[in-house]
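The chain contents come next:
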Amino acid sequence: MSNPAIKVVVVGNGMVGHHFVEQLIEQDIGAQITVLSAEPRLAYDRVHLSEYFSGKTADDLALTTPEHYQELGVAFKTDAKVTHIDKVAKTVTTEQGEVFAYDKLVLATGSYPFVPPIPGHDREHSLVYRTIEDLEDISASAAVSKVGVVVGGGLLGLEAANALKQAGVETHVVEFAPQLMAVQVDQGGGRLLRSKIEELGVRVHTSKATDVIEDGEKHRYKLCFKGGEELETDMILFSAGIRPQDALAREFDLELGERGGIVINNQCLTSEQDIYAIGECALWNNFIYGLVAPGYNMARVAASHIAGGDLAFTGADMSTKLKLMGVDVGSIGDAHARTPGALSYVFENQPEGVYKKIIVDADKKKLIGAVLIGDNSEYDTLLQYALNGIDLPKSPESLILPAGAGAAPALGADALPDTAVICSCLNVSKGDIIASIDAGNCDLPSVKSCTKASSGCGGCAALLKSVVDCELEKRGVEVKKDICEHFAYSRQELYHLVKVGEIRSFAELVSKHGKGLGCDICKPAAGNILASVWNDFILSSDNVGLQDTNDTYLANMQKDGTYSVIPRMAAGEVTPDKLIVLGQVAKKYKLYTKLTGGQRIDLFGARLEQLPLIWDELLDAGFETGHAYAKSLRTVKSCVGSTWCRYGVQDSVGQAIDIENRYKGLRSPHKIKMAVSGCTRECAEAQSKDVGIIATENGWNLYLCGNGGMKPRHADLFATDLDTDTMIKYIDRFLMFYVRTADRLQRTSVWMDNLEGGLDYLKEVIIEDSLGLAAELEAQMQHVVDTYECEWKVAMSNEASRKRFRQFVNSKETDSNVIFVQEREQIRPATEQEKQELGVELV
Amino acid sequence: MSSSSWIKVCNVDDLVDNSGVCALVEDKQVALFKLAGADDVYAIGNWDPLGKANVLSRGIIGSINDAVVVASPLYKQHFCLKTGMCFEDDDVTVPVYATRVEDLHVFVQVAS
């Protein structure tokens, strides 16, 4: 008989508590896990909390779901605050009186925001910034406020200020110290950070101690500072540091630090056997770690110890890289040069707002600290120097000097030792990455999914890529991008050859740049590129042989060789008369009808020779091709919008129709789906589309590169509150940039995941026009828009293409193997067995 | 022994360069292909034995090394137009028919 499952109770379901659950499951010891959370929802990403104000929802921030925990076999209770520990009976009791037995207890209760006991601090509109509920309160308060003050100018305070700013109130930051982010940044860096933040419209007040909060005159409240100055405001956000949530440990006699925090050893065990503490509630070596990476590390250690492993927590690096209100801030190691004998080098470019400082040891051999403001591009390199004790170059200043001024090249991935930690969130070292490559993972995505590297904060993405590339190169793996045996080029290169060489046919392309006859890979890709660039008729005699059968016959082939027909129904809008025509056509040709996911109607079971007859009738009724067969824009889904809906704030249907009509017919590397929602309720599901548009009070929020289907990807919020003209410009540029640079059959979601520089880079290209391409991309899109023709209309008016739609060149017979049977009052293809029973000869 | 005969099927004009058409020859569906600039006409069975439908005439023509092939439009297996052999599955072949062109007419030879 096997031992009974070990019972593990986890108190708290923040990021660290959740990570512990994942780690323990990975240990695979069959533990019976129970999670008790005082919060109303399961774990979510607090690091990216401020994105709640730029359009992310609680669901977007969620790290898990009840269904996921159920699948994993993890029992959980929310709104279940633990109020009692019985160390002898080994049970915990919740506020509701429920009792849970444990063999091992893990406290991951986190921290709470410290609110200084200033008289008048506890009134309405005095808030903190930690949970989603806090954000909801901030949002509600901001809606009835004009001015907001954040008390505290540290890292979290500036995050909170960003939230206030995005909520649309005049934002002030009040800091007791003489500078912002005094923990991570030196004085010089603090000065520049302040000026950059003030440029963004946030007012900063340093060296200010608040004595009392009173009623204001112009605004709700008044902060009275020591020395007599005052500041009026409507709301106050306290962000003056965190305190460990150790009340439970205090009450039930676990050892605490002098200033709080549950004391733990290197195994994350508290003073009590079988009780662990991890994350911000834990005090290790008299230190509370307020970052997520060390918390994850503790979670890993505790899980390992429960499973009998021997990992140990031995402290953590507190270096930080982040973007605060769009300003790069980096801090590594001894940023304040407090190490005896430390020397520093400083580079400052005030006009461009860049400050860089490195701190080296007395021998100028090792890097011990750094501060970066306004430009984090050297962060990864500097961090590796510091963490791995790599010898500095002869002139250490070369590490921070601008290129061309004697700057050293970035530290190659090759120079890093195998012990170098590449991803600190998930604790993946260069050695782990090499092991994963040696185990057969030969590209970045598979290394990522094998090691989980770069799946935390994502800050190491660029470094990870260079390590993988470098290791693959060393193994002689040529990262081959040839599209097929006929062309030694990638799709992107072929596109370039076609455009620059003004090549208009496949014959010309293959004779100049390829070999052989081509194939079912390169021909459709070339046909697609030719169509994107020149927009010539895809069934012209030059082009027809390039097309997949769906494009050749402008319909979708089904399993029995018949086709389905989808006319365009822009935005899902259709008149009763047109609906009747569809019904009549379907009835006349005995077609199976079904609604598609893209809000239109699909007619199935059309034989090749029926397609022209069907389309004659559809064209007569005013329908045009829906391109359901093509790698091009499929549909723009819409909700009903402000025209009918009580909640709509913009005309989503009108916008969707305009957009569908603009981009219909654009040939692209893969299909493109779009949607427009008329308000934030998002009924059109725009965030799962390549291009998603959500109406706001002030215009439109634009989301890009989402996907449903096989590998869902939530779209990225690209720009907010756009007017229609600007939005169209951005979409023009985005689509053409994608058409130019994507691989064959690469959806925008995968394209984005592989785009070096990611969303920020895309914004630079599209919004700031960093490549100087915007005008060209727009002109090219305009060409496609201006030369649009309905392919069915052209095909039906041309005898040669009409002739293609027949089963036999020499007979009016039909394909005797196409047999339908009835099901639910419609046709469906007969199965093989049914055909045998009907006496149909197969072949 | 089975005899065979040449059947006149269609005009050369009915073929489409670098693409396929289908003809009904003695109750058999035959896929006909012609490359641009070449006189040869290839003929194989139209039945896709893997996809189980009469569709091979609607596939894309290409080459694998020196072999001229058609890719099935259903699941993309490649069939050699000269031998009928399937590149993805050695056990699968499709019938191949002899062809000739005379006075702009296309003839196909089928067993009768």
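Criteria and thresholds
Residues numbered from 1 in each chain as written. Chains lettered and ligands numbered in written order. Predicted model: local features only at pLDDT ≥ 70, side-chain atom pairs only at ≥ 80, totals over all residues. Heavy atoms only, no water. Helix = DSSP H or I, 4+ residues; strand = E, 2+ residues; numbered from the N terminus. Rg over C-alpha atoms; globule rule 2.2 N^0.38 Å. Buried < 20%, exposed > 50% of the residue type's maximum accessible area, 1.4 Å probe, protein only. Contact = heavy atoms within 4.5 Å. Areas by Shrake-Rupley, 256 points an atom, 1.4 Å probe, with all protein chains shown as cover. Lys, Arg positive; Asp, Glu negative; His and termini not counted. Charge placed at Lys NZ, Arg CZ, Asp CG, Glu CD. Pairing = 2+ DSSP bridges. Axes fitted to C-alpha atoms, helices over the stretch in contact; angles between N-to-C directions. Parallel < 35°, antiparallel > 145°, perpendicular 65-115°, else oblique. Left-handed = near helix turned anticlockwise from the far one by under 90°. Nonpolar A, V, L, I, M, F, W, Y, C, P; charged D, E, K, R; others polar. Polar contact = N/O pair within 3.5 Å; in protein donor to acceptor, adjacent residues only side chain to side chain. Buried area = accessible area lost by both parts, 1.4 Å probe. Salt bridge = Lys/Arg side-chain N within 4 Å of Asp/Glu carboxyl O. pLDDT = per-residue confidence, 0-100. Core = buried A, V, L, I, M, F, W, Y, C linked by side-chain atoms within 4.5 Å. Domains from an automatic or database assignment. Expected span 1.5 Å × (residues − 1).

**Here's the deal with the overall build of chain B**
Now for step 1: Along its length, chain B carries zero helices and 11 strands.
Now for step 2: Going from the N terminus to the C terminus, chain B shows its helices and strands as β-β-β-β-β-β-β-β-β-β-β.
Now for step 3: In summary, chain B has a C-alpha radius of gyration of 13 Å against a globular reference of 13 Å for 112 residues, a match within 12%.
Now for step 4: Taken along the three principal axes of its C-alpha coordinates, chain B extends 35 × 35 × 25 Å.
Now for step 5: In chain B, which comprises 112 residues, the proportion classed as buried is 54%.
Now for step 6: Nonlocal contacts in chain B, meaning residues at least 24 apart in sequence, comprise 41% of its contacts between residues at least 6 apart.
Now for step 7: For chain B, the accessible surface area stands at approximately 5,100 Å², while carbon and sulfur atoms represent 47% of it.

**Remarks on the overall build of chain A**
Now for step 1: Counting its secondary structure elements, chain A contains 26 helices and 38 strands.
Now for step 2: Computed over its C-alpha atoms, the radius of gyration of chain A comes to 31 Å, within 12% of the 28 Å expected for a compact globule of 843 residues.
Now for step 3: Seen through its C-alpha atoms, chain A measures out along the principal axes to roughly 95 × 65 × 65 Å.
Now for step 4: Expressed as a percentage of its 843 residues, the buried residues of chain A come to 53%.
Now for step 5: Considering only residue pairs separated by 6 or more positions, chain A has 61% of its internal contacts joining residues 24 or more positions apart.
Now for step 6: Accessible surface computed for chain A: about 37,600 Å², of which carbon and sulfur atoms make up 49%.
Now for step 7: Each charge class in chain A was averaged separately, 86 positive and 117 negative side chains, and the resulting centres sit 4 Å apart.

**Examining the sheet that holds strand β6 (residues 99-101) of chain A**
Strands in a sheet are paired, the pairing made by backbone hydrogen bonds, and the direction either parallel or antiparallel.
All names here are of chain A.
Now for step 1: Read from one edge to the other, the open sheet built from three strands follows the order β4-β5-β6, with strand pairing classed as antiparallel. Because the sheet does not close on itself, it has two edges, and the strands there are β4 (82-86) and β6. Neighbour to neighbour, the strand axes of the sheet diverge by 20° on average, direction disregarded.
Now for step 2: Pairing analysis gives three bridges linking strand β5 (residues 91-94) to β6, with the strands arranged antiparallel. The residue of β6 that forms the bridge with Val-92 is Phe-100.

**A closer look at the packing of helix α11 (residues 444-451) of chain A against helix α12 (residues 461-474) of chain A**
Packed helices, taken two at a time, are described by their axes: the angle between them and the distance between them.
All names here are of chain A.
Now for step 1: One can describe the packing of α11 onto α12 by two numbers: an axis separation of 10 Å at closest approach and a directional angle of 115°. The angle between α11 and α12 places the two elements in the roughly perpendicular class. Both α11 and α12 take part in a crossing whose hand is right-handed. Contacts between α11 and α12 involve Leu-444, Val-447 and Lys-448 from the former and Leu-464, Lys-465 and Val-468 from the latter.
Now for step 2: Class assignment of the residues belonging to the contact of α11 with α12 gives a composition of four nonpolar, no polar and two charged.

**Some details on the sheet that holds strand β25 (residues 367-373) of chain A**
All names here are of chain A.
Now for step 1: Taking strand neighbours across the sheet as the criterion, the five strands line up as β21-β22-β25-β24-β23 in an open arrangement whose pairing is antiparallel. A strand with exactly one partner marks an edge of an open sheet, and here the two such strands are β21 (320-324) and β23 (343-349). For this sheet, the mean inter-axis angle between neighbouring strands, taken without regard to orientation, is 10°.
Now for step 2: Pairing between strand β22 (residues 327-333) and β25: five bridges, direction antiparallel. Among the inter-strand pairings, Ile-332 is bridged to a residue of β25, identified as Ala-370.

**A look at the environment of Arg-802 of chain A**
All names here are of chain A.
Now for step 1: Mapped onto the elements, Arg-802 comes out in helix α25 (residues 799-803).
Now for step 2: Under the relative-accessibility criterion, Arg-802 is labelled partly exposed at 24%.
Now for step 3: Setting aside residues up to four positions removed in sequence, Arg-802 forms contacts with Pro-612, Asp-616, Ala-795 and Met-796.
Now for step 4: Among the polar contacts listed, one links the side chain of Arg-802 to the backbone oxygen of Met-796, at a separation of 3.3 Å.

**Side note on the interface of chain A and chain B**
Now for step 1: Each partner contributes residues to the interface: chain A has 37 residues there, and chain B has 34 residues.
Now for step 2: Of the roughly 2,700 Å² buried where chain A meets chain B, counting both sides, 54% is carbon and sulfur surface.
Now for step 3: For chain A, the biggest contributors to the area lost against chain B are Leu-517, Asp-520 and Val-809 of chain A; these three give 21% of the whole.
Now for step 4: Across the chain A-chain B interface, the total number found is three salt bridges.
Now for step 5: Two residues, Arg-806 of chain A and Asp-14 of chain B, come together in a salt bridge whose shortest N-O distance is 3.5 Å.

**Some words on the confidence of the model for chain A**
Now for step 1: A residue-level look at chain A finds 97% of positions with pLDDT of 70 or above and a mean pLDDT of 90.
Now for step 2: Predicted confidence for residues 405-409 of chain A stays below pLDDT 50, and this span has six contacts to residues more than four positions away or in other chains.

**Quick notes on the nonpolar core**
All names here are of chain A.
Now for step 1: The biggest cluster of nonpolar side chains holds 64 residues, and the ones touching the most others in it are Leu-702, Leu-735 and Leu-762.
Now for step 2: The biggest single contributor to this core is helix α20 (residues 724-741), with 10 residues.
Now for step 3: When we break this core down by domain, the ones giving at least three residues each are domain 5 (491-547) and domain 6 (633-786).
Now for step 4: Residues within four places of Leu-762 in sequence aside, it is in contact with Leu-704, Phe-718, Phe-734, Phe-737, Trp-751, Met-752, Leu-755 and Ile-767.
Now for step 5: Core analysis: the second largest hydrophobic core is formed by 55 residues, Met-557, Val-565, Leu-591 and Phe-805 among them.

**So, unusual backbone geometry**
Residue and element names in this part refer to chain A.
Now for step 1: Its identity as a non-glycine residue notwithstanding, His-125 has a phi of 65°, on the positive side.
Now for step 2: Relative to the helices and strands, His-125 is located in the loop between β8 (111-113) and β9 (126-128).
Now for step 3: His-125 sits in the buried class, given a relative accessible area of 16%.
Now for step 4: Of note in this structure, Asn-286 is not a glycine but carries a positive phi near 65°.
Now for step 5: Within the secondary structure layout, Asn-286 lies in the loop between β20 (282-284) and α8 (292-306).

**Some points on helix α6 (residues 187-199) of chain A**
All names here are of chain A.
Now for step 1: Between the first and last C-alpha of α6 there are 18 Å, a value that for 13 residues agrees with the 18 Å anticipated at 1.5 Å per step.
Now for step 2: Within α6 the residues assigned to the buried category are Gly-188, Gly-189, Gly-190, Leu-192, Leu-193, Lys-196 and Ile-197.
Now for step 3: Each element contacted by the buried residues of α6 is listed here: α5 (155-166), β12 (203-205), β22, β23, β24 (354-360) and β25.
Now for step 4: After α6 finishes, the residue Gly-201 shows a positive phi value of roughly 95°.

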